[in-house]
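Observations on the model geometry
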Amino acid sequence: MKRKHEQKRTPHASSGARRGKFGASILGPRNLSLEAENRDKLAPPPTDAGTMPNLKWSFADSHMRLEEGGWARQVTVRELSIAKELAAVNMRLEAGAIRELHWHKESEWAYMLKGRARITAVDQSYRTFADDVVEGDLWFFPAGIPHSIQGLEKDGCEFLLVFDDGSFDENKTFLLSDVISHMPKEVLAKNFGVSASAFAKIPEKELYIFQSQVPGPLTADRLAGAGPVPQWFSYRMPTQQPIRTKSGSIRIVDSKIFGASKTIAAALVEIQPGGMRELHWHGNGDELQYYLSGQGRMTVFNADANAATIDFQAGDVGYVPCFMPHYVENTGITTLRFLELFRSDHFEDISLAQWLALTPHELVRAHLNISESVLAKIPRRDTPIVPD
Ligand code: MN
Ligand code: MN
């Protein structure tokens, strides 16, 4: 299954845009490093055709918002115009740094990439949530629920956030400091039953991300309120046993096992070199992908003879509109790891191979002119898979 001529796929200045007798050298200005990352755009496979929307955005192309103790960057419908259902944010908080207490119109799903964070929230019934999350852990804050994130020792944290609306804007959330600074001081005094002077030192502009002290033990931050939230807002994905094959594994986390996560379903896919996530599609929403490590490529087909092949590496976001069939192949020499995210309460997909295996074989053969042995070889499965 390994690619035989890996080195031949690396473009260099003289190779130009060629595939066999097609194409030609490039005489004009070039961006060689970008071309090297997008080999299947430079010289697409002959099966690619027509006009496809852009389905890739690298976080490296996103504007960085730099703050004291952290940063944030985003991939929304503004960066990637096809991304109407889902948006992604990549954020870093140093130890002690706080993503300000806030809420938003969209629900927030998160995957901890590195490090540790303390997260807190309070729900509509004044039930409380506080937890420390580590690498691989998830959290989910429903729309409107106020929450915070703070980096812990030693080096804080970095995480991926996914929102259930592509028009989400990380710069337009409801921030505590912003709310307070836009209320008349005498109203604040009345609201809290104190004198207006108590608010003399409130921040003049929003804090958003700011440096603070590392918090104490978690137990001290677990305030009683009306009890704990009934559905815990965090989930330890690394403790879940994946569905495994020789070529990879898949962990699926949706509202069936992570009850709070009502509007985002997720899968963590690992593919060994040479392996691939089989050809499939989804009927329950667009798929946003986030590439964690390794190197891969995906072909996405749209109806009416349109198809595009796209290369991915760590830090890239991929997007597959609902119903469009696709595969993801590991084209590198290390494990390819990526997340699949859907705006849905459940994960689902349809495997092209399973569909054909369960359709009268004579009917399939009448279409494709393939031998019975191809169909007979397809193993029966009920779960999405990285085939052996
Ligand atoms: Mn948030
Ligand atoms: Mn998929």
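Everything below is about the structure shown above.
Residues numbered from 1 in each chain as written. Chains lettered and ligands numbered in written order. Predicted model: local features only at pLDDT ≥ 70, side-chain atom pairs only at ≥ 80, totals over all residues. Heavy atoms only, no water.

1. Examining the environment of His63
Mapped onto the secondary structure, His63 falls in the loop between β3 (56-58) and β4 (65-67). Note: C-alpha distance between His63 and Gln213 (150 residues apart in sequence) is 27 Å. Once you skip the residues sitting within four places of it in the chain, His63 turns out to touch Ala72 and Arg73. (Helix = DSSP H or I, 4+ residues; strand = E, 2+ residues; numbered from the N terminus. Contact = heavy atoms within 4.5 Å.)

2. Notes on the packing of aromatic side chains
One pair of aromatic rings is described through two measures. These are the centre distance and the angle between the planes. Overall, the coordinates contain 15 aromatic pairs when judged by the stated rule. Summarising the aromatic geometry, the rings of Tyr291 and Phe312 are spaced 4.5 Å apart at their centres and angled 10 degrees between planes, so their arrangement reads as stacked. With Tyr291 in strand β21 (residues 287-293) and Phe312 in strand β23 (residues 306-313), the pair connects residues that are 21 residues apart, well separated along the chain. Across the pair, exposure class does not vary: Tyr291 and Phe312 are buried alike. Seen from their ring centres, Tyr291 and Phe338 are 5.1 Å apart, and the 25 degrees between their planes marks the pair as stacked. Taken as a pair, Tyr291 in strand β21 and Phe338 in strand β26 (residues 336-342) lie far apart in primary sequence, 47 residues in all. Tyr291 sits in the buried class, given a relative accessible area of 0%. By the ring-pair criterion, three or more aromatic residues cluster together here, those being Phe129, Trp139, Phe141, Phe159, Trp232 and Phe233. (Phe/Tyr/Trp six-rings, centres within 6.5 Å; stacked < 30°, edge-to-face > 60°. Buried < 20%, exposed > 50% of the residue type's maximum accessible area, 1.4 Å probe, protein only.)

3. Side note on the coordination of the manganese ion (ligand 2)
Coordination of the manganese ion (ligand 2) by the protein is provided by His280 (NE2), His282 (NE2), Glu287 (OE) and His326 (NE2), with metal-donor distances spanning 2.0 to 2.1 Å. When the donor residues of the manganese ion (ligand 2) are listed from N- to C-terminus, their spacing reads H-x1-H-x4-E-x38-H. Taken together, the residues His280 in strand β20 (residues 276-281) and His326 in strand β25 (residues 326-330) connect sequence positions 46 residues apart. By relative accessible area, which is 0% here, His326 ends up buried. (Donors = N, O, S within 2.8 Å, 3.2 Å for Na, K, Ca; no water.)

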